[in-house]
Amino acid sequence: MNQPNHDLIASDIDAYLNQHENKSLLRFITCGSVDDGKSTLIGRLLYESKVLFEDQLDAVASDSKKWGTQGKAMDFALLVDGLAAEREQGITIDVAYRFFATDHRKFIVADTPGHEQYTRNMVTGASTCDAAVILCDARQGVLTQTRRHSYLLSLLGIRNVVLAVNKMDLMKYDESVYEDIVEDYQAFAKEIGLNNVTAIPMSALAGDNILVRSDQMPWYHGPTLLSYLETAEVNDEHRKTAPFRMPVQWVNRPNLNFRGFAGTVASGSIKPGDTIRVQPSGKTSSIARIVTHDGDLAEAIPGQSITLTLNDEIDVSRGDVISTTDEPASTADQFETTLVWMHDEPMHSGRPYWLKIGTKTVSATITQIKHEVNVNTLEHTAAKQLELNAIGVCNISTDQPIAFDAFADNQETGSFILIDRVSNHTVGAGMLHFALRRSANIHMQATDVNKERRAELKGQKPAVVWFTGLSGAGKSTVANLVEKKLAAAGHHTYLLDGDNVRHGLNKDLGFTDADRVENIRRIGEVAGLMVDAGMIVLTAFISPFRSERALARSIVGEDEFIEVYVETPLAVAEERDPKGLYKKARRGELKNFTGIDSPYEAPENAEILVDTGTLSAEQAAERVVAEMRKRGLLES
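Residues numbered from 1 in each chain as written. Predicted model: local features only at pLDDT ≥ 70, side-chain atom pairs only at ≥ 80, totals over all residues. Heavy atoms only, no water.

Novice: So what's going on with the overall build of the chain? Which residues, and what values?
Specialist: What the chain contains, in helices and strands, is 19 helices and 27 strands. Buried residues in the chain amount to 52% of all 636 residues. Put simply, 71% of the contacts in the chain that link residues at least 6 apart link residues at least 24 apart. Put simply, the chain shows about 29600 Å² of open surface, and 48% of that area lies on carbon and sulfur atoms. (Helix = DSSP H or I, 4+ residues; strand = E, 2+ residues; numbered from the N terminus. Buried < 20%, exposed > 50% of the residue type's maximum accessible area, 1.4 Å probe, protein only. Contact = heavy atoms within 4.5 Å. Areas by Shrake-Rupley, 256 points an atom, 1.4 Å probe, with all protein chains shown as cover.)

If you want it as structure tokens, here you go:
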């Protein structure tokens, strides 16, 4: 700890705490390619700012002997690389956050991994930062991951950027090496809109140009890293002057006499008496009180957790956004976005995901991948899917309107994540650009004859009976027998068969994962229309992915969807092989065949299970009909 602070603590602890509390806070990230020295740099900053206790230094000195990569010298990277796997491999895997402070400012730094497979961790770490330090190994120059991380910083709106040309000691502090790297990087940075880049030559291990200017590089006359960080602009001013936004996190109703709406102010300010608009409903009112644990406020600003009470009784729910009436947020259900894919399983158009924006979670579908961005050349390339760490511009549709701002105007209300509906893993992070014009121009047309009336005319309850299973399991055979039995009983039915629809509706689709997703999406929509017509619809499709079957269920409705898992061991299905497809797949003549070189995700909670390895087709059909009768879809 530096001497002025030490003296102040000794003489007036209250004054010290007040001084510390009122310092500005800078959140910054260190990023770049693997082994560029990010963890070493942060360790050096922590060491030089004297925020480490003696027992921490003793522990690092001990660990350096066991895990260190610097011989007998202290390995500063071990101060932030806490996982055993990180220490064994000498790399960063997880995002590590560290706090330190100087006389001028407080800091929270995120140390992010450099490996391409952990790019998603870098996005997580950068999402709340005001500045970034991009490290570049002087021996290697600007690499692919350097460009990828820089492009992501540009997308995330981080404009305070340091290019830290590290390990200059290994290049004998050669100025020409530094200048060549800076020239190469600056050319790329201008293309992606990073116009405020400060380059600093340094050695994190030796401490050159970290806190004080290095004698080893007399040709450098710019700031040290710490002096830059102490003066970098914090993004709070923009948040304070932006229009007021508060996503509602909770409806606070402790008793009959109080009803408030709790949340954290994302941007702007609000005072009692200000008129507000609740979105997406559009209802208006005015602020009665701004309630906090410590009492009412005269004004609320960004970052404060508050409860607002209104002068009118209007409907407000979790996920709504409270805005001012003069500058309200936009509302739409179709958008253009930039999406960073963060999961090992590729993203496919047409597949449903949960979209979480602020406190609102809705169902969303990627309707179109407009292009993928090559981070090396910035070229736009066509794509049917996005692989892990890919960046693409996509159109997204949600199942209901949401309140939003363009990410460029408000990062809090313009960013979102995508969540897998089956595993609940976060699979993507995105930034909203604008609402598609057709979002405002297309509306549902009300009709007087509804589903209930159509079903009444047919004297039945409409439903979808969705048969799924491996090829050769007997789906089409059983579904055909079920339809015959229903037709004989006077029911209005239709059987959508996997092979038949590929002769017309889906003749343009192949058998890649992306095409399989679109195949089932279309069938789900058609089945939904038929249910709306009052029909009992039977579908016989392999439909290998749980997420697409979940989409079909959501289109129809939980109480009108019956999943029938036609279970048969792969060996039995392959032995049957009525169309000879398994033999072709085994010979390599048929690619992406389910069960051979493409996965089948068996249902986890199917309403009906029939094992055609032990039941005849007739017995399986009888079981399905009996279960439909038991569920009230058929008259007893």
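Moving on from the coordinates now.
Novice: Describe the environment of Ile357, listing the residues and the values that go with them.
Specialist: Looking at where Ile357 falls in the secondary structure, it is placed in strand E16 (residues 352-357). Along the sequence, Ile357 and Phe416 sit 59 residues apart, while their C-alpha atoms lie 4.5 Å from each other. Every residue in contact with Ile357, bar those within four places of it in the chain, is listed here: Ile402, Ala403, Phe404, Thr413, Ser415, Phe416 and Leu432.

Novice: Report on the pattern of salt bridges, specifying residues and quantitative values.
Specialist: Think of it this way: side chains of opposite charge can pair up when their charged atoms draw near. One pass over the structure, following the stated rule, counts 28 salt bridges. Across the pair Arg245 and Asp405 runs a salt bridge whose closest N-O atoms are separated by 2.8 Å. Remark: Asp405 occurs in the loop between strand E20 (391-404) and strand E21 (415-419) and Arg245 occurs in strand E7 (residues 245-247); sequence separation between them is 160 residues. In this pair, the class of Arg245 matches that of Asp405, namely buried. Lys579 serves as the salt-bridge partner of Asp499, at 2.4 Å between the closest nitrogen and oxygen. Placement of the pair is Asp499 in helix H14 (residues 498-501) and Lys579 in the loop between helix H17 (570-576) and helix H18 (581-586), with a sequence separation of 80 residues. Taking the relative accessible area as the measure of exposure, Asp499 reaches 38% and is therefore partly exposed. Using a relative accessible area of 51% as the deciding quantity, one classes Lys579 as exposed. Connected through shared salt-bridge partners, Arg549, Arg553, Glu558, Glu563 and Glu607 make up one network. (Salt bridge = Lys/Arg side-chain N within 4 Å of Asp/Glu carboxyl O.)

Novice: Outline the nonpolar core, supporting the account with residue identities and numerical values.
Specialist: Counting 71 residues, the largest nonpolar core has Phe28, Val133, Leu153, Tyr185 and Leu225 as the members making the most contacts within it. If one sorts the elements of this core by residue count, helix H8 (residues 175-191) sits on top with 7 residues. Look past the residues within four positions of Val133 in its chain and what remains in contact with it is Phe28, Ile29, Thr30, Cys31, Leu41, Val162, Ala164, Leu225 and Leu229. Counting residues in hydrophobic clusters, the runner-up holds 26 residues, among them Val478, Ile536, Val564 and Ala620. (Core = buried A, V, L, I, M, F, W, Y, C linked by side-chain atoms within 4.5 Å.)

Novice: Tell me about the packing of helix H6 (residues 119-126) against helix H7 (residues 144-155), residues and numbers included.
Specialist: Between H6 and H7, the shortest axis-to-axis distance is 11 Å and the interhelical angle comes to 35 degrees. The way H6 lies across H7 gives a crossing that is right-handed. When H6 is examined against H7, the residues Thr119, Met122, Val123 and Ala126 are found in contact with a partner set consisting of Gln145, Arg148, His149, Leu152 and Leu153. Here the contact of H6 with H7 is built from residues that sort into 5 nonpolar, 3 polar and 1 charged. (Axes fitted to C-alpha atoms, helices over the stretch in contact; angles between N-to-C directions. Left-handed = near helix turned anticlockwise from the far one by under 90°. Nonpolar A, V, L, I, M, F, W, Y, C, P; charged D, E, K, R; others polar.)

Novice: Outline the pairing of strand E24 (residues 493-497), supporting the account with residue identities and numerical values.
Specialist: Burial analysis of E24 places 4 of its 5 residues in the buried class, which makes it a mostly covered element. As paired strands, E24 and strand E25 (residues 536-540) are joined by 5 bridges and run parallel to one another. What sits directly across from Thr493, in E25, is Ile536. (Pairing = 2+ DSSP bridges.)

Novice: Residue-level account of a negative patch on the surface, with values.
Specialist: Together, Asp174, Glu175, Glu179, Asp180 and Glu183 give the surface a local cluster of negative charge. Looking at the secondary structure, you find Glu179 in helix H8. For Glu179, a relative accessible area of 38% corresponds to the partly exposed category. (Patch = residues over 30% accessible without salt bridge, like charges linked within 9 Å, V, L, I, M, F, W, Y side chains within 5 Å. Lys, Arg positive; Asp, Glu negative; His and termini not counted. Charge placed at Lys NZ, Arg CZ, Asp CG, Glu CD.)

Novice: Which residues make up the side chain of Lys23, and what values go with them?
Specialist: The residue Lys23 is located in the loop between helix H2 (13-21) and strand E1 (24-32) in this model. Within the structure, Lys23 has its side chain in polar contact with the backbone oxygen of Thr102 (distance 2.6 Å). (Polar contact = N/O pair within 3.5 Å; in protein donor to acceptor, adjacent residues only side chain to side chain.)

Novice: How would you sum up the sheet that holds strand E27 (residues 608-611)? Please name residues and give values.
Specialist: Taken together, the 5 strands give an open sheet; going across it, the order is E24-E25-E23-E26-E27, and neighbouring strands pair in parallel fashion. Of all the strands in the sheet, just E24 and E27 have a single pairing partner and so form its edges. Looking at each pair of strands side by side, their axes are set apart by 15 degrees on average, direction ignored. Note: strand E26 (residues 561-567) against E27, 4 bridges, orientation parallel. Residue pairing in the sheet places Tyr565 in a bridge with Leu609 of E27. Running at roughly 150 degrees to strand E23 (residues 463-468), helix H15 (residues 513-532) makes contact with E23, E24 and E25 of the sheet. Against the sheet, helix H16 (residues 546-556) touches E23 and E26, its axis set at about 155 degrees to E26.

Novice: Hey, could you go over the packing of H7 against H8 for me, with residue numbers and the actual values?
Specialist: Running from N to C, H7 and H8 point in directions that differ by 40 degrees, and their axes come no closer than 11 Å. Once H7 is placed against H8, the crossing between them reads as right-handed. Of the residues in H8, those in contact with Thr146, Arg147 and Ser150 of H7 are Asp184, Tyr185 and Phe188.

Novice: Lay out empty space enclosed by the protein in plain terms, naming residues and giving numbers.
Specialist: One pass over the structure, following the stated rule, counts 2 cavities of 30 Å³ or more. Here the largest cavity defines a volume of roughly 80 Å³. If you go around the largest cavity, the residues you meet are Pro247, Pro280, Gly319, Val321, Ile357, Gly358, Thr359, Lys360, Ile402, Ala403 and Thr413. In terms of residue class, the lining of the largest cavity is built from 6 nonpolar, 4 polar and 1 charged. (1 Å grid on protein atoms, 1.4 Å probe; cavity = no way out; pocket = protein on both sides within 12 Å on 5 of 7 lines; lining within 4 Å. Points joined across faces, edges and corners; volume = space filled by probe spheres on them.)

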